[in-house]
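# Per-entry structural report
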Amino acid sequence: MDTITKFQNRKSEICAMPQNSSPSARLSPTIMEKLTILTDAAKYDVACTSSGIDRRGDGTGIGNTLSCGICHTFAADGRCVSLLKILFTNECIFNCAYCQNNCNSDIPRATFTPEEICTLTIEFYRRNYIEGLFLSSGIIVSPDYTMDLIYQALYRLRTVYRFQGYIHVKAIPGADPLLIEKAGFLADRMSINLELPTSEALRRLAPCKSRNTILKPMRQIQNSIIHNKNEIMLYDKTPRFVPAGQSTQMIIGATPESDFQIMSVAEGLYQKFDLKRVFYSAFINVTDNADLPALPGGPPLLREHRLYQADWLLRYYHFTVGELLSEDKPNFNIYLDPKCDWALRHLEYFPVEIQKADYKTLLRVPGIGAKSAKRIVKARRGSRLDFADLKKIGVVLKRALYFITCSGRMMYPTKLDEDYILRNLLSDTKQVPREIKEEGYRQISLFDDVNFGGDLNVCVPMRG
């Protein structure tokens, strides 16, 4: 069930309350109409995830922030843990070709007041429908005017309503730095969308935006976070500025950049701006603009998935973009996750001896994650590990067995050969992406006349 359906289902419940209910307990139909429009308008913004911050309520207000509990997704155990994810307004003075809210779109428009943002957040929180707020916005009147409205809503929510839950807010590029700073002391996380990977793409599809207007506030937020942390070290009661850090989002597939170009931009953002996350949003053509690709196969969701996997390798597995991709190999292999693909292209580093390999080396073995690598390093201090022990630790042996030895022995005799390992990995249907399985695939043989252009894929889609 999507966000709009859930909220629409609540409308009858809320509006059926007695007419003598308190104003704060009864939401007017006007607010509900705005809510329907502005939650729908916010659905393409994916830059919200776990809060990354722990903050208990201090007893003077309502709500709290837990790093493991605030997200707009389904948890591993099936729980839907949600934020109220809305736009302040879908009015916009900009004409971004890829955005359904651009000034030329013929869509229903709505704008909340700061008080309405507070009312919605508190009412949904009290009913246990949400645990926090994700607030973005179109640009109404001007960047300064829009950022001021957002600040007013956050200020009322924190000071008048004493809301201490998680708040993720979008900073508006081009807004007065003072407004961004004031909002940063009220929000847990801030984000500024990079939108498109290159300056040229922005000039072509979003002429009202520029790389400078996006990176300037991003740098301001980074510097303010660093300065605030130094202040906190000196004075315990210093207000916290964006304690959960900042993030950004790139649209994937609207412009022709390669995976190598996209990941290089992401790597630069992590290194230069200390971002917590870069989000990748598969392009969905909602405007039918002639400058945008038609995407007959639908949004590039599998490509988005591979970019997220590679992003994880950059942030937690000590890989660099140059190891995963190059100008000669600019795109990820759709049949394999980036880590397996890297391992198959660098068999000279394998097999890895479990009893001796250091933590960073273990991280590069397919089937061994960060947690299982730590467990291996800890467990082998007291005893020698065998393959049964590795399975208990959490190692995915179906992938790892081709790349590791225990006390010099492999799990069973196997060839350290790229073609052989790839065939065996793809024989496990769980390793084949759903999109490829639905399209149909088969393993190729040595007798197939296929030109790979230097990339060896032993699995090709069947068309027709």
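Of regular secondary structure, the protein chain possesses 17 helices and 12 strands. Looking at the 464 residues of the protein chain, the share that counts as buried comes to 49%. Sequence separation of at least 24 residues holds for 64% of the intrachain contacts in the protein chain that already meet a minimum separation of 6. Carbon and sulfur atoms provide 52% of the accessible area of the protein chain, an area that totals close to 22600 Å².

Moving on, we get to the nonpolar core. One finds Met190 and Leu390 to be the most contacted residues of the largest nonpolar core, which totals 120 residues. Residues within four places of Leu390 in sequence aside, it is in contact with Ile354, Ile376, Leu385, Val395, Leu397, Ile404 and Cys406.

Glancing now at the sheet that holds strand β3 (residues 84–87). Taken in spatial order, the 6 strands of this open sheet run β3-β4-β5-β6-β7-β8, and their pairing is parallel. A strand with exactly one partner marks an edge of an open sheet, and here the two such strands are β3 and β8 (277–282). Direction aside, the axes of adjacent strands within the sheet are offset by 20 degrees on average. Taken together, the 2 bridges between strand β6 (residues 189–191) and strand β7 (residues 246–252) define a ladder with parallel strand orientation. Residue Met190 lies in a different strand from β7, and its bridge partner there is Gln246. On the sheet, helix α8 (residues 259–273) packs against β7 and β8 and is oriented at approximately 155 degrees with respect to β8. Those strands touched by helix α9 (residues 301–316) are β7 and β8, and its axis lies near 170 degrees from that of β8.

A separate point is the environment of Gly369. Along the chain, Gly369 turns up in the loop between α12 (359–363) and α13 (370–379). Along the sequence, Gly369 and Tyr316 sit 53 residues apart, while their C-alpha atoms lie 9.4 Å from each other. Aside from chain neighbours lying at most four places away, what touches Gly369 is Tyr317 and Leu363.

With that settled, the discussion passes to the environment of Thr121. Position of Thr121 among the secondary structure elements: in helix α3 (residues 114–126). Looking at Thr121, the relative accessible area reads 0%, which means it is buried. Spatially, the C-alpha atom of Thr121 lies 9.9 Å from that of Tyr161, the residues being 40 residues apart in sequence. Contact partners of Thr121, with chain neighbours within four places excluded, come to Leu84, Ile130, Leu133, Leu157 and Phe163. Separated by 2.8 Å, the side chain of Thr121 and the backbone oxygen of Ile117 make a polar contact.

Each value, and the rule that gives it
- Residues numbered from 1 in each chain as written.
- Predicted model: local features only at pLDDT ≥ 70, side-chain atom pairs only at ≥ 80, totals over all residues.
- Heavy atoms only, no water.
- Helix = DSSP H or I, 4+ residues; strand = E, 2+ residues; numbered from the N terminus.
- Buried < 20%, exposed > 50% of the residue type's maximum accessible area, 1.4 Å probe, protein only.
- Contact = heavy atoms within 4.5 Å.
- Areas by Shrake-Rupley, 256 points an atom, 1.4 Å probe, with all protein chains shown as cover.
- Core = buried A, V, L, I, M, F, W, Y, C linked by side-chain atoms within 4.5 Å.
- Pairing = 2+ DSSP bridges.
- Axes fitted to C-alpha atoms, helices over the stretch in contact; angles between N-to-C directions.
- Polar contact = N/O pair within 3.5 Å; in protein donor to acceptor, adjacent residues only side chain to side chain.

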